[in-house]
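Given next are the chains, with one letter for each unit.
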Amino acid sequence: MVRKTFITPLLSLLMAAIMMLSATPALATFTASVDRTVITQNETLDLTLRVDSQSFRSQPDTSPLKKDFDILGNRRSSQFQMINGKTESWTDWIITLAPKRAGAITIPALSYDGEISAPIHIDVRHGNTAAGNTNTVSPVFMQTSLSLQELYIQQQTVLTLKIYYNTQLVGDSSLTPLEVNGAIVQQLGEVKKYEELVNGRRHGVFEVQYAINPQESGTLTIPSLSFTSSIAAGSDPYNNFFSMQRARPVRAQSADITLDVKPVPKDYPANTPWLPASNLRLTQKWSSNPDDLKAGDSVTRTLMIEAKGLTAAQLPPVTQPAVSGLKTYPDQAQNEDLSGPDGITGKRTEATALVPTHAGTMTLPAIHYTWFNTTTGKVEQARLPATTITVSPGNTLATPTQPAPATTTTVLPDSTSPQTNIPLDLGASITKQTSALPWIIATAVFALLWLVTLGLYIRSKKGLINDGVDHSHSPMTSEHLSEKAAFQQLQQACQSNDLLQIKQRFIIWAGCFNNLDNLYSLSAAANTFHHQELNDLLNSLEQSLYSGKPENAFDSARLQAIVSNLRKTSAHQKHHSKDSALSPINP
């Protein structure tokens, strides 16, 4: 009776907490995004549909995609996190799409639970299969290409490396780092993963890009790169976890690439920083209108240089001549490298505060920034014209003098001088009165009460467990009830064809059925039955979960039938064993 009285308030508190959390209104948003917007006709892209809530049953309507795309895969991922008491949850559907044609294609707006996603425009270009002497027969091979084979010193070229594979890779994969003597190498973004048709056969592709800036003229060699991984060996048609022990290593290697690096052109101005770029822009902005300046006021002038094909570290500072009557206070320059599929664009930002010392007209000289256009092969100058500003007289009123802070002397009382009242700072007194000590005491008391509550709950829970132990007068054991409940949950998962739930519920049921508490994987659960058809079916389940197969590829009805037969066989054997044991007693 005591246990029942204690647990009832505890359950009420838990239900109240759940109701408080669920009472917060939330409108689920539905968005769409892709990993790439420019692809070739032989490649694939991943479309991610996200709703900021947990969704286990329904899914977005993807039928409009079939007009321009083949849907090669559809997988779902649900996430939940709590940070600083704030909870967030979302569900993603990642759909692998292959375009049916080249040209401009639009992923249409899709709907989910009344919400509409925004359309996405995709540029599908005519693709070429792997060319050259690439060994496309091998299960793994590599292909490299350069944006420029001939270039000037410090000019940027982009190396694109593609790793093709036509079989499932298992285990860890690795690629040797790219190091080029006499050049600066920088990786562009993350490794991309997609699919591409090569000689009529679909291959998976890893793509990585590097920006290379040679620092010496002459011949430059980009060394070969090695890719190592493992592929599933043997005749296992599913290539899943059960066959990983038969994996064999595989290696692919790219060829060396030679570049011709030309020196600085002779007609380039002497004693001028060498800046080879495909495009360069020089712009400025002001914090306020410079014509509204008064003597003694300040305005900030910001200069921005953006160079396509150069890093920000290669951009020299802008030369700004001094102007009489104008004080300058430059801030530290900000450098930023922007990565893209065409290489690196360096951006340098210089901010300078200008303070006129007197009224009058002042002219900021024109600014010139010399660079070499690698597209036209000519020397060019980015230029800002001269700027004339008119400074008005400043405020002639005398600046009010700040009063000197009062000095407070504290006299300590002694036996010969009378004690005087020291003025008190009320703010300080209030600060002292609002000490954190009461909160510390309250927190400690709350923690102690929580520990006592937890101890009583564990004790009551232990008592309930002890009360649930099988007694001689009980007609049915608790284990039997657990197995039956686990079987019903497995049936529900099979009927809804939720593959992940089927896997989890089968593991739980197998543990209850065989009285085992240490089953944590599908393979361990399958091995407890020594049933070949069941093993093959569970292999198919594992393959459907982790290789992107559609859910209808798994025969959940057959699994349900096999499990039902196992239960019937077990019940018949138990009944036969019981009759055999009673026969000597009842001849």
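Residues numbered from 1 in each chain as written. Predicted model: local features only at pLDDT ≥ 70, side-chain atom pairs only at ≥ 80, totals over all residues. Heavy atoms only, no water.

Caption draft 1: Region of the structure containing the overall build of the chain. What the chain contains, in helices and strands, is eight helices and 29 strands. With 587 residues in all, the chain has 33% of them scored as buried. Here the analysis covers contacts within the chain between residues at least 6 apart in sequence; of these, 68% occur between residues at least 24 apart. For the chain, the exposed surface amounts to about 36,600 Å²; the carbon and sulfur share of it is 54%. (Helix = DSSP H or I, 4+ residues; strand = E, 2+ residues; numbered from the N terminus. Buried < 20%, exposed > 50% of the residue type's maximum accessible area, 1.4 Å probe, protein only. Contact = heavy atoms within 4.5 Å. Areas by Shrake-Rupley, 256 points an atom, 1.4 Å probe, with all protein chains shown as cover.)

Caption draft 2: Structural detail: the environment of I231. By the element assignment, I231 lies in strand 17 (residues 226-231). Remark: the alpha-carbon pair of I231 and P249, spanning 18 residues in sequence, is separated by 6.3 Å.

Caption draft 3: View of the nonpolar core. Within the largest apolar cluster, 45 residues are counted, with the highest numbers of intra-cluster contacts made by V140, L159, L178, I222 and Y369. Non-local contacts of L159, meaning those with residues more than four positions away in its chain, are made with T144, S145, L146, L178, V208, Q209, Y210, I212, I222 and I257. Formed by 25 residues, the second largest nonpolar core is a distinct cluster that contains C494, L522, L534 and L559. (Core = buried A, V, L, I, M, F, W, Y, C linked by side-chain atoms within 4.5 Å.)

Caption draft 4: Just a negative patch on the surface, in detail. Taken together, D52, E88, D113 and E115 make up a surface patch of like negative charges. Within the element layout of this structure, D52 appears in the loop between strand 3 (45-51) and strand 4 (69-83). Residue classification places D52 among the partly exposed residues on the basis of a relative accessible area of 35%. (Patch = residues over 30% accessible without salt bridge, like charges linked within 9 Å, V, L, I, M, F, W, Y side chains within 5 Å. Salt bridge = Lys/Arg side-chain N within 4 Å of Asp/Glu carboxyl O. Lys, Arg positive; Asp, Glu negative; His and termini not counted. Charge placed at Lys NZ, Arg CZ, Asp CG, Glu CD.)

Caption draft 5: Quick peek at the packing of aromatic side chains. Going through the model one piece at a time under the given rule, you end up with 14 aromatic pairs. Geometrically, the ring pair formed by W274 and F372 is tilted, given 5.1 Å between the ring centres and 35° between the ring planes. Of the two residues, W274 is situated in the loop between strand 19 (257-262) and strand 20 (276-277) and F372 in strand 27 (residues 367-373); the sequence distance between them amounts to 98 residues. Across the pair, exposure class does not vary: W274 and F372 are buried alike. Measuring from centroid to centroid gives 5.8 Å for F513 and F529, while their planes differ by 35°, and the two rings are tilted. (Phe/Tyr/Trp six-rings, centres within 6.5 Å; stacked < 30°, edge-to-face > 60°.)

Caption draft 6: Region of the structure containing the sheet that holds strand 16 (residues 218-222). Read from one edge of the open sheet, three strands run 11-19-16, paired in mixed fashion. This sheet does not close on itself; its edge strands, each paired only once, are strand 11 (150-152) and strand 16. Averaged over neighbouring strand pairs, the angle between their axes works out to 35° when direction is ignored. Bridge count between strand 16 and strand 19: five bridges; the pairing is antiparallel. Residue pairing for strand 19: T221 is matched across the bridge by T258. (Pairing = 2+ DSSP bridges. Axes fitted to C-alpha atoms, helices over the stretch in contact; angles between N-to-C directions.)

Caption draft 7: Local environment of unusual backbone geometry. Backbone geometry places Q154, a non-glycine residue, at a positive phi of 70°. Examined against the element boundaries, Q154 turns out to sit in the loop between strand 11 and strand 12 (157-165). Positive phi, close to 55°, is recorded for N199, a residue that is not glycine. Residue classification places N199 among the exposed residues on the basis of a relative accessible area of 52%.

Caption draft 8: Geometry of the environment of G218. Note that G218 resides in strand 16. In this structure the C-alpha to C-alpha distance between G218 and L259, which are 41 residues apart in sequence, comes to 8.2 Å. When residues no more than four places from it in sequence are discounted, the contact partners of G218 are L259, D260 and V261.

Caption draft 9: Region of interest: the confidence of the model for the chain. Looking at the chain as a whole, the pLDDT averages 77, with 71% of positions reaching at least 70. This model gives residues 235-245 a pLDDT under 50, and the stretch forms 17 contacts once residues within four places in sequence are excluded. Ignoring residues within four places in sequence, the model shows residues 460-481, a span with pLDDT below 50, making ten contacts including any to other chains. (pLDDT = per-residue confidence, 0-100.)

Caption draft 10: Representation of empty space enclosed by the protein in the model. What the rule picks out here adds up to one cavity of 30 Å³ or more. What the largest cavity holds in volume is close to 40 Å³. Around the largest cavity, the lining residues are T144, L159, I222, P223, L225, S254, A255 and I257. (1 Å grid on protein atoms, 1.4 Å probe; cavity = no way out; pocket = protein on both sides within 12 Å on 5 of 7 lines; lining within 4 Å. Points joined across faces, edges and corners; volume = space filled by probe spheres on them.)

Caption draft 11: Representation of the sheet that holds strand 2 (residues 38-40) in the model. Within the open sheet, the three strands sit side by side as 2-9-6. Their pairing is mixed. Edge positions in the sheet fall to strand 2 and strand 6 (103-107), since each has one partner strand and no second. Strand-to-strand twist across the sheet, computed as the mean angle between neighbouring axes with direction ignored, equals 35°. Looking at chain direction, strand 2 and strand 9 (residues 120-125) are connected through three bridges and run parallel. By the bridge assignment, I39 is partnered in strand 9 with V124.

Caption draft 12: Representation of the environment of L522. Note that L522 resides in helix 6 (residues 522-527). Residues L522 and I507, spaced 15 residues apart in sequence, show a C-alpha to C-alpha distance of 6.1 Å. Setting aside anything within four residues of it in sequence, one finds L522 in contact with K503, F506, I507, L538, L541 and E542.

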